[in-house]
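Secondary and tertiary structure notes
Read off the chains here:
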Amino acid sequence: MYEPPHPWHHCSVQQTFKAVDSQPEGLDSAEAKRRLENHGANKLPDSQKRSVIFRFISQFNNLLIYVLLAVMIITGFLGHWLDTGVIAGVVLINAIIGFIQEGRAEEALKAIHSMLSPNAEVIRDGQQQTIAVENLVVGDIVLLQAGDRIPADLRLSLVKGLQISEAVLTGESVAIDKQCEPVEPQAELASRTSMAFSGTLVTHGLGTGIVVATGTQTALGQISELVSKVTPTDTPLLRQIAIFGRWLTATILVLATATFSFGVLIRGYPASEMFLAAVSLAVAAIPEGLPAIMTITLAIGVERMAKRQAVIRRLPAVETLGSVNVICTDKTGTLTRNEMTVRTIITTDRQYTLTGTGYDPHGFLTIGKQTTFPEANHPISLAIRAAVLCNDSTLRNEGNEWRVHGDPMEGALLVAGAKVGLDAEEEKQNYPRTDLIPFESEHRFMATLHHSHDGHAFIFLKGAPERIIEMCSQQMATSGPTAIQQDFWSEMIEQQAHNGQRLLAVAYSPANYAQVELTFTDIANQFIMLGLFGLIDPPRDEAIEAVNDCNQAGIRVKMITGDHVLTARAIAMQLGMVNTEEALTGQQMDRLSDEELFELAGRIDIYARVNPEHKMRLINTLQQHGQIVAMTGDGVNDAPALKCSDIGTAMGLNGTEAAKEAAEMVLADDNFATITAAVEEGRAVYDNLQKAILFILPTNGGEALIILTAVLLGFQQLPLTPVQILWVNMVTAVTLALSLAFEPKEKRIMQRPPRPSNQPLLSNFLIWRVAFVAVIIMGGTLGLFQWELAQNPDTERARTIAVNTLVMFEIFYLFNSRFFLEPILNRQGIMGNYYILLAISILCVFQLAFTYVPIMQVLFGTYALEISAWPKIVIIASSVFLFVETEKAIMRHFFAKPA
Ligand code: ATP
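About the cut-offs
Residues numbered from 1 in each chain as written. Predicted model: local features only at pLDDT ≥ 70, side-chain atom pairs only at ≥ 80, totals over all residues. Heavy atoms only, no water. Helix = DSSP H or I, 4+ residues; strand = E, 2+ residues; numbered from the N terminus. Lys, Arg positive; Asp, Glu negative; His and termini not counted. Charge placed at Lys NZ, Arg CZ, Asp CG, Glu CD. Expected span 1.5 Å × (residues − 1). Bend = angle between axes of the 7 residues up to and from the residue. Buried < 20%, exposed > 50% of the residue type's maximum accessible area, 1.4 Å probe, protein only. Domains from an automatic or database assignment. Pairing = 2+ DSSP bridges. Contact = heavy atoms within 4.5 Å. Axes fitted to C-alpha atoms, helices over the stretch in contact; angles between N-to-C directions. Near = heavy atom within 4 Å. Polar contact = N/O pair within 3.5 Å; in protein donor to acceptor, adjacent residues only side chain to side chain. Areas by Shrake-Rupley, 256 points an atom, 1.4 Å probe, with all protein chains shown as cover. Core = buried A, V, L, I, M, F, W, Y, C linked by side-chain atoms within 4.5 Å. Salt bridge = Lys/Arg side-chain N within 4 Å of Asp/Glu carboxyl O. Arc of directions from axis to C-beta. Disulfide = S-S within 2.5 Å. Parallel < 35°, antiparallel > 145°, perpendicular 65-115°, else oblique. Nonpolar A, V, L, I, M, F, W, Y, C, P; charged D, E, K, R; others polar.

This part covers the overall build of the protein chain. Within the protein chain, the regular secondary structure consists of 31 helices and 28 strands. Each principal axis of the C-alpha atoms in the protein chain carries an extent, and together these give about 115 × 65 × 50 Å. With 67 positive and 91 negative side-chain charges, the protein chain shows a spacing of 6 Å between the two charge centroids.

Right, dumping it as structure tokens:
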């Protein structure tokens, strides 16, 4: 380990460099690699997982299991040892299945979280590089900016308005001002202002720091109780199900007691026999497999979304996605490609075009069709120089490809520079930068202070044209500076924005050579306007398609951009958005009262020149309209809006850590089309959850009805014993019901409107279907049982037929459950889900074992059926298939969609 002469916060920057054996140009790659091998990766051990044993025991913490355990004890007392043993077996197997499924779901979620491993900007080999945070080593120089999560413990070496929120470490939510001077050796963690600690968050400003500790050596790694982010694993729907389950259990217990009393008191059955009947009823009616199926369905949904580049950070989002009806999205990079190219440059007396595409710096400056090579002090050269110097990006040829590191728009300016022969590195050496005000979307400009070697100083300014013009009193003409003509520039801005070009203006002002710091007070209205840059950034093809999909799916797309209103409208038109006629700017929004905004927000789809506060206001207004809003964001200031929206969506590539942490979902590819894909998957998940309910409940309902009817009608023998019912529930849950979780999405899923968020879980349609099917299953099973009993008085045989009929009913009904209303009798319907066919095959093997294996016959009281019994079972059971398909046809005829 590296030992400093004093505590790191008390060391000077020089001492720190020495102690970690590094320098301002950073380590070289070979040394960094060696340090990584010697000291290990920069990560903390996985947060304490729930111990395996605890996870297993928690499977027994369930109302149903309590009921079963009670039944087990009583059957034991009554001397029904076989039943006691089978129930014990079922309880155990149930716990094992729950345990395995939960483990799978947890694994799936963990794997997805690792997709979000963050990067850090470092200086190595004298160059800015992006590396995985895990690969940071002591001695690396890390560059920091607002929104970054500090990747390791750093001794700060340079700061510019740097503020860091250390809430994770100290609990103090107010951000701390950082600086580079050493602080007292005995300073508390919160007062070590010369340090930036791993896990804390940059809220403002810029800085660089030297890595002094990584992984478990960091202050964060030292605190025993790890600050692991808790991902809630339940969702509104799961909670609804849990409540529903509790009510159901209570109702069933009451019903079972009533049946018991009825049988004993009115029908005069012996109490021990009636006890078994009541138990059968209880175990029949409780849908024990449902919660596990729900969790698995959600986990599969999360995996599917991740495959389509949407990473879910909070599980409830999976469900909410299905009811999203407004998507508020950024423009640049999300709807557009973020591959910018400077196409037009306008100076006071000329309009230029730049040829070439992408970041390849081959192209020419032309006036009309004529190529031109401007002189060094010509306004166009000054404008491009300003754009190249007031710039934080780098352009590099990597392999055979030109790549921009940093902001793509700034990269495009470097390309423009290269096309006219201005080399950024050379310019930076000629005009070294002394200070800067970084770009923020609140003030929409960036300013840099430079000193030339011949005793001059300049401030360069670049930003949104309206802002820059406000600060200019003059403009640069070929003949020299003249008074600014505001109207001329406004006209040019409108003209270019109308073509969908993204606009940027540059200006400069001479400064006092003694000035070494740049503050907002230096940015008054003394600037000289140099030129206007028009950049093209075409819409993504897949975004055009996705906007169209949203239009069809009843989802309104709203564009929220920092860009010029006309640029925004032009792009909105290319994208095919609904209302491109109207737009609101941030300034206009400020003038509107809440009521007025409420009126407009439903209708208007384009919001331009807005800042993060406007986003908040818009979300609140849309939510008042009862909308379920997905909102995208990337900056640190977007975090509140992301938190506030129903589905906060952060950018995975260009988003800050702060935005990602506030978001429910992260787009791994920053692409708008990914949001639509996630919505589609969200709808499918909700469908599958409903389908699981639609499948499981009638099965339980049917079983309960069988017992209830048998008791009410005074049958001599119950058609099913409790252990047989447990068997059916268990084997069908792990085979048939589980296969529904893998159900692919329905064909026209994006052509129906979003699900109303207040729609109850059990819609009228669902309740009807459950009751309808339960009655069919009851009628068929009970009927065949009685008929068989009349033919052959062997109860075991008749019961074996009843159990197999019940299971066969479920097999047929499983096909019906694949589509709510669409017919199933076609190739897609029968063969569309491979898991269903697999599940049925496995279930058939289970049933054959149940019927023919001697030990099973002893355990479950079954009988080796003659072959001729099977066709009857299949024929009776297939009736459900026909009944439900007929019901669907009638429903389709009368109602367009399920209620
Ligand atoms: P979106 O919200 O759709 O991503 P945006 O990227 O245009 O839109 P901002 O980043 O807030 O939104 O930019 C607003 C305006 O500020 C831009 O139109 C541009 O004129 C100017 N601007 C953007 N980036 C810079 C920068 N690095 N330096 C100077 N000015 C910039």
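Once that is clear, we can look at helix H25 (residues 722–740). Over its 19 residues, H25 runs 26 Å from end to end, which matches the ideal 27 Å to within 8%, given 1.5 Å per residue. Helix geometry: H25 is bent most strongly at Ala733, by close to 45°. The element H25 is largely enclosed, with a buried count of 18 among its 19 residues.

Per the domain assignment, the segments making up the protein chain are domain 1 (8–28 + 117–223), domain 2 (52–68 + 75–102), domain 3 (311–336 + 540–670), domain 4 (341–369 + 376–395 + 406–536) and domain 5 (685–894). A C-alpha centroid distance of 62 Å is found between domain 1 and domain 5.

Reading across the sheet, the eight strands line up as S8-S28-S27-S26-S9-S23-S25-S24 and stay open at both edges, with mixed pairing between neighbours. A strand with exactly one partner marks an edge of an open sheet, and here the two such strands are strand S8 (310–312) and strand S24 (584–585). Direction of pairing for strand S9 (residues 326–329) relative to strand S23 (residues 556–560): parallel, over a ladder of four bridges. Paired with Cys328 across the strands is Lys558, a residue of S23. Contacts between helix H18 (residues 565–575) and the sheet are confined to S23, S24 and strand S25 (606–608), with S25 contributing the most and set at about 150° to the helix.

The environment of the ligand is formed by 21 residues, the closest being Lys331, Thr332, Lys462, Arg502 and Leu503. Contact between the ligand and Arg609: an oxygen atom at 3.2 Å from a side-chain N or O atom of the residue. Burial of the ligand by the protein chains amounts to 89% of its free accessible area of 620 Å². Within the residue set of the shell around the ligand, elements represented by two or more residues are helix H13 (408–419), strand S18 (457–463) and strand S21 (502–511).

If you look at the biggest cluster of nonpolar residues, it comprises 146 residues, and the most contacted ones within it are Leu321, Val324, Met665 and Phe672. Ranked by the residues each element gives to this core, the list is headed by helix H24 (residues 672–712), at 20 residues. Met665 has contacts with Ala310, Val311, Ile312, Arg313, Leu321, Ile647, Gly648, Thr649, Ala650, Ile675 and Ala678, leaving out every residue within four places of it along the chain. Listed in part, the 39 residues of the second largest apolar core include Ala383, Ile384, Leu414 and Val506.

A word on the environment of Trp727. Relative to the assigned elements, Trp727 resides in helix H25. With relative accessibility at 7%, the residue Trp727 sits in the buried group. Spatially, the C-alpha atom of Trp727 lies 13 Å from that of Arg799, the residues being 72 residues apart in sequence. Other than its neighbours up to four places away in sequence, Trp727 contacts Val803, Phe846, Gln847, Phe850, Met856 and Phe860.

Further remarks concern unusual backbone geometry. Even without being glycine, Gln309 reaches a positive phi, approximately 75°. With respect to the helices and strands, Gln309 occurs in the loop between helix H10 (290–307) and S8. At Asn338, a residue that is not glycine, the phi angle is positive and equals roughly 60°. Relative to the elements of secondary structure, Asn338 occurs in the loop between S9 and strand S10 (341–346). The exposure class assigned to Asn338 is buried, which follows from its relative accessible area of 15%.

Further remarks concern the pairing of strand S19 (residues 472–477). The sheet contact formed by S19 and strand S22 (residues 527–536) spans three bridges and is parallel. Looking at S22, one finds that Gln475 is bridged to Met529. Pairing of S19 with strand S20 (residues 480–483) involves four bridges; the strand directions are antiparallel. Along S20, the bridge assignment pairs Gln475 with Thr482. The turn linking S19 back onto S20 is made up of two residues.

Before going further, it helps to examine the pattern of salt bridges. Should their charged atoms come close, side chains of opposite charge can pair. What the rule picks out here adds up to 38 salt bridges. Between Arg337 and Asp541 there is a salt bridge, and its shortest N-O distance comes to 3.8 Å. Placement of the pair is Arg337 in the loop between S9 and S10 and Asp541 in helix H17 (residues 541–552), with a sequence separation of 204 residues. Salt-bridge contacts for Glu410 lead to Lys462; the nearest nitrogen and oxygen are separated by 2.7 Å. Taken together, the positions of Glu410 in helix H13 and Lys462 in strand S18 put the pair 52 residues apart, joining distant regions of the chain. The pair formed by Glu410 and Lys462 is uniform in burial state, with each residue classed as buried.

In this section: helix H29 (residues 834–852). For H29, spanning 19 residues, the distance from its first C-alpha to its last is 27 Å, which sits close to the expected 27 Å at 1.5 Å a residue. For H29, the full list of buried residues reads Ile836, Ala839, Ile840, Leu843, Gln847, Phe850 and Thr851. Buried residues of H29, viewed axially, fall in a sector of 100°; they line one side. When the buried face of H29 is taken as reference, the exposed residues oriented beyond 90 degrees from it are Tyr834 and Val845.

Let's shift gears to the state of the cysteines. Between two cysteines, a covalent bond joining their sulfur atoms is known as a disulfide. All told, the structure shown has zero disulfides when counted by the stated rule. With no disulfide partner, Cys390 has as its closest neighbouring cysteine sulfur the one in Cys472, 13 Å distant.

Each packed pair of helices is defined by two parameters, the angle between the axes and the distance between the axes. Taken N-terminus to C-terminus, the directions of helix H27 (residues 795–817) and H29 make an angle of 180°; their axes are 11 Å apart at the nearest point. In terms of orientation, H27 lies roughly antiparallel with respect to H29. For the pair H27 and H29, the contacting residues are Thr800, Val803, Asn804, Val807, Ile811, Leu814 and Phe815 in the first and Ile836, Leu837, Ile840, Leu843, Cys844, Gln847, Phe850 and Thr851 in the second. Of the residues contributing to the contact of H27 with H29, the split by class is eleven nonpolar, four polar and no charged.

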